[in-house]
Amino acid sequence: MIVAEAKNLTEIGKTIAPYGRILVLGCGTCVTVCGAGGEREVALLHDALRLMDMKAGNGKHVFLECTLKRQCDPEFLDVLEEKAANVDAVLSLGCGIGVQAVAERLPDLPVLPGVNTSFLGMAKEWGVWDERCAACGDCRLDETAGICPITRCTKGILNGPCAGTKNGRCEVSKEMDCAWVLIYQRLENMRQLETMRRYYPPRNFRAIPRPKRVLSKINAAGGGHE
Ligand code: SF4
Ligand code: SF4
């Protein structure tokens with residue numbers, strides 16, 4: 001799923017400053033699961049923004065709230081015609097795709113991001129997500145035992161381990177398993193070790209986001225809009 005983190009309240013305050021009536025728009029899918037932009041976060045942010053506005057003493061803003069089932073799916077955007085009819089801007093807590101889908105649907109309205117889209121991740125435990133895919137556009141999981149070398153190897157290398165792996169750990173971080181040791185072990189279990197002999201030509205990593213193993217607990221701490 002797509003993992004996102006709530007933007008800082010001060011940053012959001014600056015982005016919404018020019019607008020009066022603002023629709024805080026949540027998304028009921030990935031950002032709900034990772035606790036960055038679902039119904040609960042919309043309510044929390046709505047209250048936090050109102051408080052911030054009152055503290056500033058200007059009472060300038062009016063905040064409305066709504067959470068769609070999925071912002072990235074046109075099927076669920078029809079309701080925006082009514083929900084965004086009288087607002088000056090939409091503050092979307094959807095991922096970057098959701099923000100763009102909403103912006104396409106509302107061509108005359110500013111649609112502002114309320115979260116930072118971080119990565120495609122898998123839940124490791126409650127409140128912790130692990131990057132597992134960089135959407136590289138050329139998936140090799142069939143040849144790497146279902147373990148992504150681009151996101152799980154710190155160097156993103158495609159032809160076996162670098163010289164630094166030690167006791168199954170990555171030389172860059174002792175906390176991390178070496179992805180290529182994991183790949184080797186799984187291939188061995190599956191009796192497919194010959195796959196290790198294949199050579200993959202170099203890839204243009206300029207076209208691929210840098211590998212990033214980020215474990216995020218921020219969202220799970222309760223909205224993160226601090
Ligand atoms: S190889 Fe890795 S980064 Fe590329 S599509 Fe497959 S899982 Fe995603
Ligand atoms: S030790 Fe393993 S995971 Fe770390 S950079 Fe080298 S091959 Fe990649």
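Residues numbered from 1 in each chain as written. Chains lettered and ligands numbered in written order. Predicted model: local features only at pLDDT ≥ 70, side-chain atom pairs only at ≥ 80, totals over all residues.

Caption draft 1: Seen up close, the site of ligand 2. If you check the shell around ligand 2, you find 14 residues, and the closest are C153, C162, T165, C170 and C178. Grouping the constituent residues of the shell around ligand 2 by class yields nine nonpolar, three polar and two charged. (Near = placed C-beta within 6 Å. Nonpolar A, V, L, I, M, F, W, Y, C, P; charged D, E, K, R; others polar.)

Caption draft 2: Structural context of the sheet that holds strand 3 (residues 62–68). Pairing is parallel in the open sheet, where four strands are placed in the order 3-2-4-5. Edge positions in the sheet fall to strand 3 and strand 5 (111–113), since each has one partner strand and no second. Going from strand to strand, the sheet's axes swing by 25° on average, the running direction of each strand aside. As judged from the four bridges shared by strand 2 (residues 21–27) and strand 4 (residues 89–92), these two strands associate in the parallel manner. Bridging across to strand 4, L25 finds its partner in S92. Contacts from helix 5 (residues 96–105) reach strand 2, strand 4 and strand 5 within the one sheet, and its direction differs from that of strand 5 by about 175°. (Pairing = 2+ DSSP bridges. Helix = DSSP H or I, 4+ residues; strand = E, 2+ residues; numbered from the N terminus. Axes fitted to C-alpha atoms, helices over the stretch in contact; angles between N-to-C directions. Contact = placed C-beta atoms within 7 Å.)

Caption draft 3: How the structure looks around the environment of G96. When you line up the elements, G96 lands in helix 5. Residue G96 is classed as partly exposed on the basis of its 15 C-beta neighbours within 10 Å. For G96, the contacting residues outside a window of four places in its chain are P113 and T117. (Buried ≥ 20, exposed ≤ 12 C-beta atoms within 10 Å, placed from the backbone.)

Caption draft 4: Quick look at the site of ligand 1. In the vicinity of ligand 1, the contacting residues are C133, A134, A135, C136, C139, R140, L141, C148, I150 and T151. A per-class count over the shell around ligand 1 returns eight nonpolar, one polar and one charged.

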